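Chain and residue survey
The residues making up each chain are set out below.
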Amino acid sequence: MAGHSQFKNIMHRKGAQDVKRSKLFNKLAREITVAAKAGLPDPNHNPRLRAAIQAARVQNMPRDRIDRAIKQGTPGAGDDTNYDEVRYEGYGPGGVALIVEALTDNRNRTASEVRSAFSKHGGTLGETNSVSFMFNRIGLITYPASVADADTVLEAAIEAGADDVSSDEESHSIITGIDSLGEVRDALEAKFGAPEGAKLTWQPLNTVAPSEDAAQSLLKLLDVLDDSDDVQNVIGNFELSPELLEKLG
């Protein structure tokens, strides 16, 4: 029975991982389609599409799935589904400020899902710009730590016009102005190859450390939001210690 139970547990975890991976691929494909529709379907002439494709490759998304997503966004060759870029803002448990970015073909459905997630997990959905003033809009380029040492990346980033660089054992994060993201990315790509990611995002001006109970509710809220097919990114101004994360599992 123990072996049988272990097999069932392994299959359950594998099934959950497959579902999560499928949802991730759906989100990546949607971004590729929207990027292709917003510009040319050629990544060499569409920086947003190039970044979306590279993000998909980092997650080992199959090439044929990427090609299908591009085709869906190609005028005259894809479908006529239109996705709107929507941003929601509010407060999560412990007073954590959250920004939720979504791509949706049904604003009412997505707004209802996001509002329900906030209300059920101790949060409050606010109006647009209700928390974004607590963040800076930035460009963020990421490379794995293995691409070069911290000093080499820092020097290259400064020469390319980046604003800041943060390096640790796993990665290099290069921060740029929103108008210089493409220029800095191209310069670094010529030196280090394609980055793992290059996108516009939000950087909190200050962070808050929620209590253990609030952090537990916050993580549940983030899980629910991430589970939504429409939600692409969730950014918050929280900071959780490694010890607390380990304790919460």
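The structure displayed is predicted, hence computed values, not measured ones.

Brief notes about the sheet that holds strand 6 (residues 171-176)
The strand order across the open sheet formed by 4 strands is 5-6-4-7, and the pairing between neighbours is antiparallel. This sheet does not close on itself; its edge strands, each paired only once, are strand 5 (164-167) and strand 7 (197-204). Averaged over all adjacent pairs, the angle separating strand axes in this sheet is 30°, with direction ignored. Its contacts with the sheet place helix 6 (residues 181-192) against strand 4 (135-144), strand 6 and strand 7, and it is angled at close to 10° to strand 4.

Comments concerning the UniProt feature "domain: TACO1/YebC-like second and third" (unreviewed entry) in the protein chain
UniProt records the feature "domain: TACO1/YebC-like second and third" (unreviewed entry) at residues 83-238, using the numbering of this structure. In the segment residues 83-238, helix accounts for 34% and strand for 33%; the C-alpha atoms at its two ends are 29 Å apart.

Focus: the pattern of salt bridges
By the definition in use, this model includes 16 salt bridges. Residues aspartate 227 and lysine 23 are paired through a salt bridge, measuring 3.9 Å at the closest nitrogen-oxygen approach. Placement of the pair is aspartate 227 in helix 7 (residues 212-227) and lysine 23 in helix 1 (residues 2-38), with a sequence separation of 204 residues. Here glutamate 212 and lysine 247 are joined by a salt bridge, their closest N and O atoms 3.0 Å apart. Here glutamate 212, found in helix 7, pairs with lysine 247, found in helix 8 (residues 242-248); they are 35 residues apart in sequence, far enough to count as distant. Judged by its relative accessible area of 60%, lysine 247 falls in the exposed class. By sharing partners, the salt bridges in this structure join Arg30, Asp105, Arg109 and Asp230 into a single network.

How each quantity is defined
- Residues numbered from 1 in each chain as written.
- Predicted model: local features only at pLDDT ≥ 70, side-chain atom pairs only at ≥ 80, totals over all residues.
- Heavy atoms only, no water.
- Pairing = 2+ DSSP bridges.
- Helix = DSSP H or I, 4+ residues; strand = E, 2+ residues; numbered from the N terminus.
- Axes fitted to C-alpha atoms, helices over the stretch in contact; angles between N-to-C directions.
- Contact = heavy atoms within 4.5 Å.
- UniProt positions renumbered as here; feature names shortened; annotations may be inferred.
- Salt bridge = Lys/Arg side-chain N within 4 Å of Asp/Glu carboxyl O.
- Buried < 20%, exposed > 50% of the residue type's maximum accessible area, 1.4 Å probe, protein only.

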